[in-house]
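# Per-entry structural report
Read off the chains here:
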Amino acid sequence: MPYPSTYPPPPNGPGYCPRCLEVVIWATTVNRRALAVDPERDPKGNQAVRQDATGRWLVRQLTRERPVPEHDEHLHMPHVATCKVPAPPKPRRPAAPRHRRGVRPNPRWGR
Ligand SMILES: [Zn+2]
């Protein structure tokens, strides 16, 4: 990439949920997205969380192929499952203005 990204890096490590302000751990998924998990380990959770050698928090969803935490992974709940503040409703697209939708066939186009 020729230019550095203008976006701030995603949060990583202990932080707060932006909705309910509870303490969470921001971890990075395999798709390099930030995911908030509850800070306490929870054997019922489905997110395997570990810290790499540089202290970065990484999270992996348990899959059928790798259904148990491995090495230094610990299970956590994803915070979205326990967040007390419901997700904001998705913004609805305003109804399209009822202008012309299609084009009347032109009889001269036939044949
Ligand atoms: Zn929350």
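In the block above lies the structure referred to throughout.
Computed from a predicted model, the values in this text were never measured in an experiment. (Residues numbered from 1 in each chain as written. Predicted model: local features only at pLDDT ≥ 70, side-chain atom pairs only at ≥ 80, totals over all residues. Heavy atoms only, no water.)

### A word on the coordination of the zinc ion
The condition is simple: Water is not part of the atom set, so a site may look incomplete; the donors themselves are N, O and S atoms within 2.8 Å of the metal, or 3.2 Å for Na, K and Ca. Only two sets of limits are used to name each site, 85 to 135 degrees for every angle of a tetrahedral four-donor site, and over 155 degrees for opposite donors with all other angles from 65 to 115 for a square planar four-donor or octahedral six-donor site, with any other site named irregular. The rule is simple: take the accessible area with a 1.4 Å probe, protein chains only, and divide by the maximum for that residue type; under 20% is buried, over 50% is exposed, in between is partly exposed.
Distances from the zinc ion to its protein donors, Cys17 (SG), Cys20 (SG), His79 (NE2) and Cys83 (SG), fall within 2.0 to 2.3 Å. Geometry at the zinc ion is tetrahedral, judged from the four donor atoms that bind it and their angles of 103 to 117° at the metal. Expressed as a motif, the donor residue spacing for the zinc ion is C-x2-C-x58-H-x3-C. Take His79: its relative accessible area is 4%, and that puts it in the buried class.

### Some thoughts on the pairing of strand S1 (residues 13-16)
Rule in force here: Here, a strand pair is defined by DSSP locating no fewer than two bridges between the strands. Helix and strand assignments follow DSSP, with helices taken as H or I runs no shorter than four residues and strands as E runs no shorter than two, numbered in order from the N terminus.
Where S1 and strand S2 (residues 23-28) come together, four bridges link them in antiparallel fashion. Opposite Tyr16, over in S2, you have Val23 as the bridge partner. Counted between consecutive antiparallel strands, the loop separating S1 from S2 contains six residues, among which Leu21 sits at a positive phi close to 65°.

### Some thoughts on the environment of Gln51
Rules: Should any heavy atoms of two residues lie within 4.5 Å, those residues are counted as being in contact. The term polar contact refers here to a pair of N or O atoms within 3.5 Å; inside protein, the definition further demands a hydrogen-donor-capable atom paired with an acceptor-capable atom, and it admits residues adjacent in sequence only when both atoms are side-chain atoms.
Looking at where Gln51 falls in the secondary structure, it is placed in strand S4 (residues 47-51). A residue is classified by how much of its surface remains accessible, and Gln51, at 36% relative accessible area, is partly exposed. For the pair Gln51 and Thr28, spaced 23 residues apart in sequence, the C-alpha to C-alpha distance is 10 Å. Ignoring any residue separated from it by four or fewer positions in sequence, one finds Gln51 in contact with Arg56, Trp57 and Asp72. Among the polar contacts made by the side chain of Gln51, one reaches the main-chain carbonyl oxygen of Gly55 at a distance of 3.0 Å.

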